[in-house]
Amino acid sequence: MNRKAVFAVAALVLAVAAGALAQALPPGVQKTTSMGGITEYGFPNGLRVLLYAVESSPKITVDVTYLVGSRHEGYGETGMAHLLEHLDFIETTSGRQIKNELVAHGANWNGTTSEDRTNYYETFTASDENLKWALGLEAERMVDVKFSKAILDTEMTVVRNEFERGENSPQAILGERVAATAYLWHNYGKSTIGSKEDLENVPFTRPAAFYRKYYQPDNAVLVVTGRIDEAKTLQMVADTLGRIPRPTRQLDQTYTVEPPQDGERYVELRRVGQGQEVIVAFHGPAAGHADSAAVQVLAGIMSGGGGGGRGGRGGGGGGAEGRLNKALVDNKLAESARMGFQPRHDPGLIEVSASLNKDQSLDAARKAILDTLAGVVKEPPTKEEVERVKTGLLRGLERSLSDPQSLATGALNSSIAQGDWRLMFLQHDRLQAVTADDVVRVAGLYLKPSNRTVGYYIPDANPDRTMVPAAPSFSSMLSAYVSKVSIVHGESFDPSPANIESRTVRSKLANGMKVAMLSKKTENNMVTGAIELRFGDRTTLAGRNAAAQFAGTLLMSGTKNRTRQQMQDELRKLNATVTVSGGGGGGGGGRGGRGGGGGFGGGLGSANANIAAPAENFVAAMRLAVEMLKEPAYPEAEFERMKTQRLKALETVPTEPQQLGSELLNRHLSPFAKGDALYSPTREEQLAEVQKVTLDDARKFHDQFYGANYGVLAVVGPFDRAAIEKAAAELLGNWNTAMAYQPLVTPYKKVEAINRKIETPDKANAEFLAGVRFRMSESDPDYAAVLLAGYMFGGPITSRISDRIRNREGLSYGANARIAIPTEGDAAMLSGTVSLNPMNGPKVEFSFVDELAKTWKGGFTAAEVAEAKKAYLDSRLVSRTTDAALVGLLAAHEQQSRTMKWDEQLEQKIHGRVGERVSAEGADPLSPRRTGHADFPASGSPENSRLRHAQAVVRYWLTNKSTPISEAVHSKSPPPAVGRAAGCAVSGAARDGRARTC
């Protein structure tokens with residue numbers, strides 16, 4: 001593509017549009033600057049507005065970024081910006097319930113807080129009415145949020161629980177300690193979540209004053225992207241946010257400058273946890289400084305990825321081709337290693353981290369890190385290394401313009417926080433100019449011993465200090481700057497089931513593999529596809545779990561014709577992404593709930609390839625994906641490395657409450673015999689299986705099971721149909737598996753109720769988990785009604801469970817309930833998960849049970865049902881607007897021999913009379929059933945009694961129509977097992993006797 005030519009045409013069109021728009025600007029509004037299709041306007045009250053019109057998008061995103069974060073907090077105010085973000089979702093002085101409105105409009109919404117800014121956004125179906133609503137809501141919560149002690153007390157405990165969740169991760173806490181040690185004075189040394197004591201003791205007048213100071217139009221940037229009319233949008237802004245008076249106060253800018261570090265610093269953390277971690281941090285440049293681009297490339301070379309990033313604290317790992325990975329992981333000094341640099345408004349931190357198992361040496365890992373960093377100067381990166389990382393970074397920046405929501409809430413939002421939104425384009429050009437010499441220069445400047453924070457103190461008579469340069473003036477730096485970024489937009493696509501079906505073409509290959517292709521014009525002419533292989537059945541897959549997992553995990557380790565690096569280099573040339581995996585061994589049920597039952601899906605008997613590439617390169621990328629699936633190299637060294645890591649992980653006793661509780665509950669609710677393909681092995685059994693498995697076992701599994709005759713190929717985008725069909729026939733049409741495929745269907749099984757407590761010492765956060773099996777499938781007449789009822793009971797943040805436990809009582813950061821109904825089989829499940837402070841265990845249990853009882857007794861109101869129907873249907877519509885989701889939907893339907901008519905009929909049922917089924921007595925599992933009411937004990941009754949009655953209600957609530965239930969719902973003694981299965985578990989550090997019940 002000739003980027004300059006495309007950009008010139010786009011600029012001409014924008015110039016014509018701008019001329020027409022200038023004549024219709026609201027009074028006092030001025031167009032200030034325009035770049036890359038984004039135009040900025042200034043309003044008289046100080047508000048800055050950025051518009052990015054994308055006609056092909058069916059959605060609109062409204063993002064308001066306030067230039068206030070933890071960097072602006074004063075003494076006693078740590079966590080104030082983040083706490084205020086939570087408070088800004090509650091209620092306005094006029095009584096508007098903010099979360100309710102967001103959910104009612106089917107919006108994708110959130111708010112986030114960083115060191116430099118706070119933002120709020122909502123993405124919704126494009127319409128003038130919705131846009132006017134969103135702007136009006138943002139105007140009201142900019143200056144009219146309600147503050148009271150009751151509201152603060154409730155939300156403070158929610159934020160405190162979020163703080164406690166973070167306290168469970170030693171790796172995350174180590175990152176905070178390193179930052180606090182590296183910064184003596186600057187607020188970047190304080191975590192965004194803040195001090196627990198500040199959160200608990202702050203009077204409600206302080207957040208209110210903080211709000212009135214910073215939440216004003218002259219400290220905000222409004223971003224509107226998607227399918228918008230710019231003239232109409234500006235007028236709507238003028239009528240809402242633009243009407244807010246300009247404040248009379250003057251904001252003081254932060255002025256603290258961190259002095260040069262004068263020697264290596266060290267911090268040590270001792271807590272309960274799994275594995276070990278080392279972090280080495282260096283002070284680096286601000287986002288506005290030209291060095292930031294070279295540092296990002298340096299991070300990419302060290303990590304083997306696209307650069308940037310936070311450094312992956314506490315998880316993940318660098319790419320296999322990264323220098324850190326080769327120095328530490330390949331030499332078995334660490335499990336993973338990475339380097340990250342997140343540019344900020346002020347000079348930030350360059351971070352290198354490594355995760356170790358309990359047998360590896362922190363000192364040896366630290367030495368290897370420092371030697372590898374020093375090696376950048378001694379052994380400069382090659383041109384190929386630099387270009388590889390630059391390509392990934394540049395394409396990431398370019399692709400951000402393809403997704404209006406991602407642009408508004410991601411790259412554009414970050415640049416606003418860093419000082420000026422045009423930095424997004426300037427950084428693109430700076431990255432293009434980075435050379436190997438630049439990488440060596442910044443490594444020598446910033447990666448000095450005196451500028452380092454690790455954990456040791458080293459006296460130095462002649463310290464060589466680094467003076468971090470100040471960021472230049474943005475006005476002078478950007479006054480004559482013109483970006484070279486261009487973008488090609490997709491069509492305005494109707495995501496309705498009928499339109500999707502009308503544009504989908506289906507066929508079969510010679511061996512029976514199904515093909516579904518949906519033609520549509522996409523952003524940057526990208527084509528998205530998936531290859532899904534299915535093989536084996538409950539008999540042939542039994543006992544093959546470890547072999548299947550290693551056979552699938554090793555698929556991306558290279559092929560018989562290409563090494564892993566050669567494969568990655570070829571994909572970079574094609575501007576393509578391919579991910580291949582297989583042998584999941586359960587854990588979800590796949591796309592669309594296949595396999596169902598909340599525990600065992602088609603993972604053990606499946607392998608998948610996901611592909612994304614420009615239209616002209618898609619067939620070539622598909623060939624690479626098939627090569628990975630069909631001809632894996634299975635290198636012995638890679639197998640041994642993965643096996644060692646897996647064994648170390650299994651040998652380490654888990655300490656996380658959520659992990660321990662989930663393992664216990666899932667095993668109990670899926671009681672299959674050992675040796676069954678659906679059996680969920682214990683950690684000890686998995687350890688024995690992994691110890692026994694060999695590379696030959698993995699190879700044999702691939703040779704015996706892999707093949708395409710039971711598979712699906714799904715493609716979405718502006719593809720060449722004939723070319724894809726020809727390639728598919730050649731690559732997949734004759735590749736067959738002799739292992740007949742039958743999905744691993746989870747049948748309903750009766751399980752007795754349990755009540756278990758798990759002690760996890762030194763964990764500030766506990767987990768409440770509950771589950772009950774019931775017999776239902778998608779063919780049940782009540783399926784649509786149960787979907788909607790489950791959504792109202794435990795789906796969005798305004799659902800019955802979340803609204804009560806999180807929003808009104810402030811007992812948890814996350815409280816949810818979910819109903820999973822399988823496509824195949826009849827083992828449906830109602831489950832609940834609540835994170836909590838262990839002291840709040842009895843309160844959470846009572847609220848969960850009580851809300852379930854109220855729902856069972858009273859059902860849902862007509863207004864509640866009407867609002868939920870609209871929100872739920874809107875959310876389904878929005879979910880079909882992404883190409884990856886469409887590919888997954890087409891593939892899932894092909895596996896089930898369905899068309900989009902199935903979705904259309906389901907949504908017609910929900911839109912039509914399903915509300916009456918949800919509300920009418922006896923018509924739905926979530927409303928009163930046929931035989932009166934349950935007799936619930938008072939709140940002061942023993943916890944075990946509440947548990948027994950909770951189980952009785954759940955059994956009654958989701959009982960089979962053929963099963964008598966009167967004894968279960970009326971008995972005050974433990975109810976008989978009437979064919980239902982229930983379980984409950986709480987795990988966490990016990991603070992008193994009550995904290996361990998559920």
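Read on for an overview of the structure.

Reading guide: rules and limits
Residues numbered from 1 in each chain as written. Predicted model: local features only at pLDDT ≥ 70, side-chain atom pairs only at ≥ 80, totals over all residues. Heavy atoms only, no water. Helix = DSSP H or I, 4+ residues; strand = E, 2+ residues; numbered from the N terminus. Expected span 1.5 Å × (residues − 1). Buried < 20%, exposed > 50% of the residue type's maximum accessible area, 1.4 Å probe, protein only. Pairing = 2+ DSSP bridges. Contact = heavy atoms within 4.5 Å. Axes fitted to C-alpha atoms, helices over the stretch in contact; angles between N-to-C directions. Parallel < 35°, antiparallel > 145°, perpendicular 65-115°, else oblique. Left-handed = near helix turned anticlockwise from the far one by under 90°. Nonpolar A, V, L, I, M, F, W, Y, C, P; charged D, E, K, R; others polar. 1 Å grid on protein atoms, 1.4 Å probe; cavity = no way out; pocket = protein on both sides within 12 Å on 5 of 7 lines; lining within 4 Å. Points joined across faces, edges and corners; volume = space filled by probe spheres on them. Salt bridge = Lys/Arg side-chain N within 4 Å of Asp/Glu carboxyl O. Core = buried A, V, L, I, M, F, W, Y, C linked by side-chain atoms within 4.5 Å.

## Here we look at helix α13 (residues 383-400)
An α-helical turn contains 3.6 residues, so a residue and the one three or four places further along point in the same direction. Spanning 18 residues, α13 covers 26 Å between terminal C-alpha atoms, matching the ideal 26 Å at 1.5 Å per step. If you check which residues of α13 are buried, you get E385, V386, V389, K390, L393, L394, E398 and S400.

## What about the pairing of strand β15 (residues 526-534)?
Within β15, nine of the nine residues are buried, leaving the element largely enclosed by the surrounding structure. One ladder, built from five bridges, connects β15 with strand β18 (residues 712-717); its direction is antiparallel. Bridging across to β18, E532 finds its partner in V712.

## With respect to the environment of L731
With respect to the helices, strands and loops of the structure, L731 is situated in helix α27 (residues 721-732). Aside from chain neighbours lying at most four places away, what touches L731 is M622, R623, V626 and K630.

## Things to note about unusual backbone geometry
In this structure, Y634 is a non-glycine residue whose phi angle is positive, near 50°. Tracing the sequence through the fold places Y634 in the loop between α22 (618-630) and α23 (636-651). With a relative accessible area of 3%, Y634 lands in the buried category. Even without being glycine, D762 reaches a positive phi, approximately 70°. Structurally, D762 is set in the loop between β19 (756-759) and β20 (766-775). In this structure D762 comes out as partly exposed when scored by relative accessible area, which is 47%.

## Overview of the sheet that holds strand β9 (residues 276-283)
With mixed pairing, five strands are arranged side by side in an open sheet as β8-β12-β9-β11-β10. Single-partner strands in this sheet number two, and they are β8 (265-266) and β10 (336-341). Both β9 and strand β11 (residues 349-356) contribute to a ladder of eight bridges, which runs antiparallel. Note on β11: the bridge partner recorded for E277 is S355. In the packing of helix α6 (residues 170-182) onto the sheet, the strands contacted are β8, β9, β11 and β12 (452-454), and the crossing angle to β9 comes to about 30°.

## Concerning helix α32 (residues 883-895)
Here α32 contains 13 residues, and its C-alpha end-to-end distance of 18 Å stays within 8% of the 18 Å for a straight helix at 1.5 Å per residue. Counting buried positions along α32 gives ten out of 13 residues, so the element sits mostly inside the fold. When we look at burial in α32, the residues that qualify are D883, L886, V887, G888, L890, A891, A892, H893, E894 and Q895. Here the buried face of α32 lies against α19 (497-502), β13 (504-508), β14 (514-519), β15, β18 and α33 (901-911). Immediately beyond the C-terminal end of α32, within one or two residues, lies S897, with a positive phi of roughly 55°.

## Digging into the packing of helix α10 (residues 291-303) against helix α16 (residues 423-433)
Closest axis-to-axis distance for the α10/α16 pair is 9 Å, and the angle between their directions is 60°. Comparing their axes, α16 and α10 come out oblique. Where α10 crosses over α16, the handedness of that crossing is right-handed. In contact with S292, A293, Q296 and V297 of α10, α16 contributes Q427, R430 and L431. Tallied by class, residues from the contact of α10 with α16 come to three nonpolar, three polar and one charged.

## Comments concerning empty space enclosed by the protein
Going through the model one piece at a time under the given rule, you end up with eight cavities of 30 Å³ or more. Of the volumes computed, that of the second largest cavity is approximately 50 Å³. In this structure, the second largest cavity is lined by L669, S670, P671, F672, T746, P747, Y748, K749, R773 and A827. Counted by class, the lining of the second largest cavity contains six nonpolar, two polar and two charged residues.

## Examining the pattern of salt bridges
Between side chains of opposite charge, pairing is possible as soon as their charged atoms come close. Taken as a whole and judged by the stated rule, the model has 61 salt bridges. Between E656 and K763 there is a salt bridge whose closest N-O contact spans 2.9 Å. Residue E656 is located in the loop between α23 and α24 (657-669), and its partner K763 is located in the loop between β19 and β20; the two are separated by 107 residues in the primary sequence. Look at E656 and you get partly exposed, because its relative accessible area is 25%. A network of salt bridges, in which partner residues are shared, links R804, E809, D850, E851 and K854.

## Brief notes about the nonpolar core
Counting residues in hydrophobic clusters, the biggest one holds 93 residues, and the most contacted among them are F43, V62, L131, L222 and L241. Per-element accounting of this core gives the leading share, nine residues, to helix α28 (residues 783-794). Counting residues in hydrophobic clusters, the runner-up holds 63 residues, among them L554, M628, M642 and Y679.

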